[in-house]
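Each chain, written out:
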Amino acid sequence: MKQKQWGIWLLSAALTALGVTMAEASVFPLPEHGNIVGTLHAVTTHREDTLLDIGRFYDLGYNQVTKANPGVNPWLPGQASKVVIPAQYILPPKPWTGIVVDIPARRIYFFPNNDHVVYTYPVGVFLPGWKENLTTTRIIAKFKMPAWNVPKNIHAWFKQKFHMNIPWYWPPGPENPMGELAMETGLSGIFIHGTYHPWGVGMRSSQGCFQMYPGNVAQLFPMVPVGTPVRIIDMPNLVGVHDGEIYLQSYKPMDSYHKGVPDLQRAVMQIKKFMNENHIEQAIDWSKVRRIVGEHNTVALPIGVHSPSYQTLAAALPAKPYAYAPYGPSANGAAVPPPLKLAKPSDQEHLHVHVSFPDRKAE
């Protein structure tokens, strides 16, 4: 794509972002062509916001919202800081059926039968020292208000690491680590469930299960029948195509699965394989690929020779003021939080964000 065409693309993206409404769920129609859904947009903060609040509202995990906004303090972004919402996703490799969990992305995808859509949510994954099998299984049972019988290895881990004798049995309720809804997979002891610690979503925060925001699991739970296939994958570098342009989305790889093979080498191999399988011929900016893989900023970015950098794309996004107050203490547990209140008018600073296109010669 020529530089002039990219300028038109940037302007179109900016105008689209101006019309973006607040997300109620991360559900997208499956693309007729290509394998990318969603779009980038941006907001400006008020003084009480955190990146975690904004990320949770837009169904982003901690890893996504922080890596997409380098230099922004997660806890104190400040008044009128611009925050990019990386709600654009390269879908995992087909088949697009059932549930797919991409561990390094820390995201779950659900492709319902007979609906040409995909739901995607952030998840918390296993802590260092633990590991999940890369395999295919199924949902074998579903539980409302589950109890938790603590496995011996988890009980021993808490005792060794924290010198804690945690209970062997956790009854249903707001203090249960499994939250209020849980879906059991065919893997021993592995569930997709809510959590009493929702701020760990998007982090390495479990002993093997996949933890979801309470509101997200409440939406997903009734849609997933017992028997739904579950595929657990390790794809730190996802390659996609949209409007004839090749994109790369890079997440930090998990050492549990990759030892001795450079991340850049894996990314290059995936790009070449994807282009070959899809009969795509395009000149790739390999220095841009190297930078994207090195930064792991979680944003789906074009990698063609004439494509703009992330800095150019982010600068071109207009930003609406984020309109909502923080989640507050009532959202710190396993229950679905109440609808967010609007921020006080005095806390909102309505800025006119100028859409500009930096001189590409300066990049």
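The rules behind the values
Residues numbered from 1 in each chain as written. Predicted model: local features only at pLDDT ≥ 70, side-chain atom pairs only at ≥ 80, totals over all residues. Heavy atoms only, no water. Phe/Tyr/Trp six-rings, centres within 6.5 Å; stacked < 30°, edge-to-face > 60°. Helix = DSSP H or I, 4+ residues; strand = E, 2+ residues; numbered from the N terminus. Buried < 20%, exposed > 50% of the residue type's maximum accessible area, 1.4 Å probe, protein only. Contact = heavy atoms within 4.5 Å. Expected span 1.5 Å × (residues − 1). Arc of directions from axis to C-beta.

Across all of its chains, the model carries 12 aromatic pairs by this definition. Here F57 and Y322 contribute two aromatic rings whose centre-to-centre distance is 5.8 Å and whose plane-to-plane angle is 80°, an arrangement assigned as edge-to-face. Pair noted here: F57 is in helix α2 (residues 51-57) and Y322 is in the segment after β19 (319-321), with a separation of 265 residues, a long-range link. The buried category is assigned to Y322, whose relative accessible area is 1%. Their ring planes at 0° and their centres at 6.0 Å tell us that W96 and F111 sit as a pair that is stacked.

This part covers the environment of F210. Relative to the helices and strands, F210 is located in strand β14 (residues 210-211). The buried category is assigned to F210, whose relative accessible area is 1%. Residues contacting F210, with those up to four places away along its chain left out, are V101, I103, V123, G124, V125, E132, I190, F191, I192, H193 and I232.

Another aspect to go through is helix α6 (residues 263-277). For α6, which comprises 15 residues, the first-to-last C-alpha distance of 21 Å matches the rise-based estimate of 21 Å (1.5 Å per residue) to within 8%. Taken residue by residue, α6 has D263, R266, A267, I271, F274 and M275 as its buried positions. Looking straight down α6, one finds that the buried residues subtend no more than 160° of arc, so they occupy a single side. Facing away from the buried side of α6 by more than 90 degrees, the exposed set consists of M269, K272, K273 and N276. Positioned one or two residues after α6, H279 has a phi angle of 55°, which is positive.

Everything listed is a geometric property; what it means functionally is a separate question.
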